[in-house]
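A closer look at the structure
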Amino acid sequence: MHFGYWTPIYGGFLRNLGDEQMPATWDYVKKLSQLADRLGYHTTLVPELYLNDRKGIEAPSLEAWSLSSAILAVTEQLRVMTAVRPGFHLPAVTAKESATITDIAGTTDHGDARFALNVVAAWWEEEARQYGGAFTRHDDRYRQATEFVDILRGLWEHTPFTYQGDHFAVRDSILSPKPGIRPPIFAGGESESGRESIATFSDSYVLHGGTIDEVRTKIADMNARSRRIHQRDMAEFGMSTYIIVRDTEARHVPNSNASPPSTRIHRVMRRSKSSSKIPNSTSRCPGASTRWALADFAPTSSVPPNRLPRRSAPIKMPV
């Protein structure tokens, strides 16, 4: 199992806490990204939200795609998974952008892609109204996402490429250069129509946390759907979690005097300036699929960076 984190594009992730000491600035994101890369984190997910749904719609938030390009340019091994919502993008333009970003990203030392896409069926109607996005009904959004990915893959692999769908169409389109390595496609959804669509167009599945039995059931269900459609398991599973980080067990219980979790990030940032770089070797879990956990803030502690476990150490996850 690998570990990842959400890039804090909107000043943190807690709705009930104002200042989390995670400013929505490139300077902060750059320092966090380079620290995560040095410590051996596998993936960061960069959310795409034009309005801030955590701190209030008038609070600042950073744009995902320009930010992702910058993160990839200043890191070496960290994989950047960028959210994309089909209702806000033209698929042919996204295919072109992805090819360029893939060139910026390059590959890891093991030859794996460093740029991936998380296809999101948008859920926020007010944001779509303000930014001119196409906000369709629930099931139709998944059909829109399927067409979007069909065009991405078509342009990445064929020239010229023609496609006619209900939501998108391209005709005799040329994409050059092609991406050197095709960006993996991720998506998440809990409804029946969502899971069936995701098993059709996505390489991998992302899910919310749950009990071991709940997670095991979801993994088995998505693998069964993928085998029925593509004769293979899903390539990866990602699970979103919250990690409570405190200096002592007693401080795990929230209280009014508790400092924001990002305090630990700042401490590690300061200490890491003099630490040696941790090798970025990768080890996949046994079996056909990779699993990883995605935290809602970078999980750090008072342990010095040179004593944190390397990601080359496999951690078994029940499936």
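Residues numbered from 1 in each chain as written. Predicted model: local features only at pLDDT ≥ 70, side-chain atom pairs only at ≥ 80, totals over all residues. Heavy atoms only, no water.

**Considering helix α1 (residues 26-39)**
Its 14 residues give α1 an end-to-end C-alpha distance of 20 Å, which sits within 8% of 20 Å, the value for a rise of 1.5 Å per residue. Directly beyond the C-terminal end of α1, a positive phi value near 95 degrees is found at G40. (Helix = DSSP H or I, 4+ residues; strand = E, 2+ residues; numbered from the N terminus. Expected span 1.5 Å × (residues − 1).)

**Section: the confidence of the model for the chain**
Of the residues in the chain, 78% reach a pLDDT of 70 or more, and the chain-wide mean stands at 82. Of the regions scoring below 50 in pLDDT, residues 258-289 engages in 88 contacts with residues more than four places distant in sequence or in other chains. Considering only residues more than four positions removed or in separate chains, one finds that residues 297-319, a stretch of pLDDT under 50, has 59 contacts. (pLDDT = per-residue confidence, 0-100. Contact = heavy atoms within 4.5 Å.)

**Digging into the packing of aromatic side chains**
What the rule picks out here adds up to 9 aromatic pairs. Judged by centre distance (6.5 Å) and plane angle (65 degrees), the ring pair of W6 and F13 falls under edge-to-face. For W6, a relative accessible area of 18% puts it in the buried group. F13 sits in the buried class, given a relative accessible area of 2%. For the ring pair Y205 and F237, a centre distance of 6.4 Å and an interplane angle of 80 degrees mean the geometry is edge-to-face. (Phe/Tyr/Trp six-rings, centres within 6.5 Å; stacked < 30°, edge-to-face > 60°. Buried < 20%, exposed > 50% of the residue type's maximum accessible area, 1.4 Å probe, protein only.)

**Focus: the environment of L35**
Topologically, L35 is positioned in helix α1. Once the C-alpha coordinates of L35 and T75 are considered, the two residues, 40 residues apart in sequence, prove to be 9.2 Å apart.

**A short note on the packing of helix α5 (residues 138-157) against helix α6 (residues 192-201)**
The contact between α5 and α6 brings their axes to 10 Å, and the two run at 5 degrees. If you check the angle between α5 and α6, you find them roughly parallel. Contacts between α5 and α6 involve H138, D139, Y142, A145, T146, V149 and R153 from the former and S193, G194, S197, I198 and F201 from the latter. Here the residues of the contact of α5 with α6 sort into 5 nonpolar, 5 polar and 2 charged. (Axes fitted to C-alpha atoms, helices over the stretch in contact; angles between N-to-C directions. Parallel < 35°, antiparallel > 145°, perpendicular 65-115°, else oblique. Nonpolar A, V, L, I, M, F, W, Y, C, P; charged D, E, K, R; others polar.)

**Considering the pattern of salt bridges**
Considering all chains together, one arrives at 21 salt bridges under this definition. The salt bridge partner of R137 is E125, with a shortest N-O separation of 3.7 Å. Here E125 lies in helix α4 (residues 125-131) and R137 lies in the loop between α4 and α5, a separation of 12 residues in the sequence. With a closest N to O distance of 3.1 Å, D140 and R143 form a salt bridge. With D140 and R143 both in helix α5, this residue pair falls 3 residues apart, about one helical turn. (Salt bridge = Lys/Arg side-chain N within 4 Å of Asp/Glu carboxyl O.)

**As for the nonpolar core**
Counting residues in hydrophobic clusters, the biggest one holds 65 residues, and the most contacted among them are L117, I185 and F201. In terms of residue count, the dominant contributor to this core is α5 (8 residues). Ignoring sequence-local partners within four residues, the contact set of L117 consists of W65, M81, T82, V84, S98, L152, W156, P184, I185 and F186. (Core = buried A, V, L, I, M, F, W, Y, C linked by side-chain atoms within 4.5 Å.)

**Brief notes about the packing of helix α3 (residues 91-105) against α5**
If you want to describe how two helices pack, look at the angle between their axes and the distance between the axes. Interhelical geometry of α3 versus α5 gives an angle of 50 degrees and a closest axis separation of 9 Å. Compared by their axis directions, α3 and α5 come out oblique. Note on packing geometry: the crossing formed by α3 with α5 is right-handed. Contact residues: α3 offers P91, A92, T94, A95 and S98, while α5 offers F148, I151, L152, L155 and W156. Of the residues in the contact of α3 with α5, the class split is 8 nonpolar, 2 polar and no charged. (Left-handed = near helix turned anticlockwise from the far one by under 90°.)

**As for the environment of R225**
Within the secondary structure, R225 sits in helix α7 (residues 212-230). Linking R225 and S197, residues 28 residues apart in sequence, is a C-alpha distance of 9.8 Å. Each residue touching R225, except ones within four places of it in the same chain, is listed here: E192, R195, E196 and A199.

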